[in-house]
Amino acid sequence: PTLLRPEFYQKHIKAVVARWAMVWMRSFQPLLRYIQTQAVASGAGEAKAETAAAASRGGVAFADVHAYLAADSLEALGDGPRRALARLAAEDADVMAMLNLARDWVGNFFPHVLSKVNRVHYGLLHPADIVRWAAEEGGQPQIATSRMLLSVPFVGKDVPSRNSEFAHPEVLIGLSILSYRYEGLRKADLVNVIKTLKEAMNNQKGPV
């Protein structure tokens, strides 16, 4: 699927993505040190009660974190979540930086990568692309490992850019994940996966 209307994402999808992000947040141990409750409130009344209870103990509620990820702006947050997040930022800048990154993904990076079309705007390099470049250049082309393993920009339908790479690391990660999701593993990828699994198995201790 391709996102055609950013306003549709903001209205119908963003809140769902924010809740999916909370699934990962529940396993982020540095954040759990500051969480005073383990439930994401389902309603406005429950969220206020949860925030108040956490604030009374000097902690942060999951409801505050979820509201921060899903809010269109900081002004849209209530006073309780803003104070809780300010305390968190003062106590642990690294945890707050991770929350900011998650917020950027929910509000910016994810809709951006969804708006791109696989094999038109981005995609993986395939053996046929290498063969075509070799024929055009009269020899085996030199290709960086990063371009072989990660998504690259396309200049047209099924026409990858010869040298360009995505500059933003988060966009590169998102488009690479979608590329493998849509295009699947190439033969070389499957070989690398099997080699890695065999090496991991050989390094394990215990009876054979």
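Residues numbered from 1 in each chain as written. Predicted model: local features only at pLDDT ≥ 70, side-chain atom pairs only at ≥ 80, totals over all residues. Heavy atoms only, no water.

### A word on the overall build of the protein chain
1) Next: Check the secondary structure of the protein chain and you find ten helices and three strands.
2) Next: Sequence-ordered secondary structure for the protein chain, helices as α and strands as β, is α-α-α-α-α-α-β-α-α-β-β-α-α.
3) Next: Put simply, the protein chain has 208 residues, and 36% of those count as buried.
4) Next: Long-range pairs, those at least 24 residues apart, make up 63% of the contacts in the protein chain between residues at least 6 apart in sequence.
5) Next: For the protein chain, the exposed area adds up to about 12,500 Å²; of that, 61% sits on carbon and sulfur atoms. (Helix = DSSP H or I, 4+ residues; strand = E, 2+ residues; numbered from the N terminus. Buried < 20%, exposed > 50% of the residue type's maximum accessible area, 1.4 Å probe, protein only. Contact = heavy atoms within 4.5 Å. Areas by Shrake-Rupley, 256 points an atom, 1.4 Å probe, with all protein chains shown as cover.)

### Regarding the sheet that holds strand β3 (residues 159-160)
1) Next: Strand order across the open sheet formed by three strands is β1-β2-β3, with antiparallel pairing between neighbours. At either end of the open sheet lies a strand with only one pairing partner, and these are β1 (122-123) and β3.
2) Next: Pairing of strand β2 (residues 152-156) with β3 involves two bridges; the strand directions are antiparallel. Bridging from a neighbouring strand, Gly156 pairs with Val159 of β3. (Pairing = 2+ DSSP bridges.)

### Structural notes on the nonpolar core
1) Next: Counting 33 residues, the largest nonpolar core has Met25, Leu31, Val65, Leu69, Leu85, Leu88 and Leu99 as the members making the most contacts within it.
2) Next: When contributions to this core are tallied by element, the ones reaching two or more residues are α1 (6-25), α4 (62-70), α5 (79-91), α6 (93-114) and α9 (169-183).
3) Next: The dominant element in this core, judged by the number of residues it contributes, is α6, at eight residues.
4) Next: Ignoring sequence-local partners within four residues, the contact set of Met25 consists of Leu31, Leu32, Phe62, Val65, Leu69, Met98, Leu99 and Ala102.
5) Next: Among the nonpolar cores identified, the runner-up in size contains five residues, and Leu125, Ile130, Val152 and Phe154 belong to it. (Core = buried A, V, L, I, M, F, W, Y, C linked by side-chain atoms within 4.5 Å.)

What is shown is where atoms sit, not what they do.
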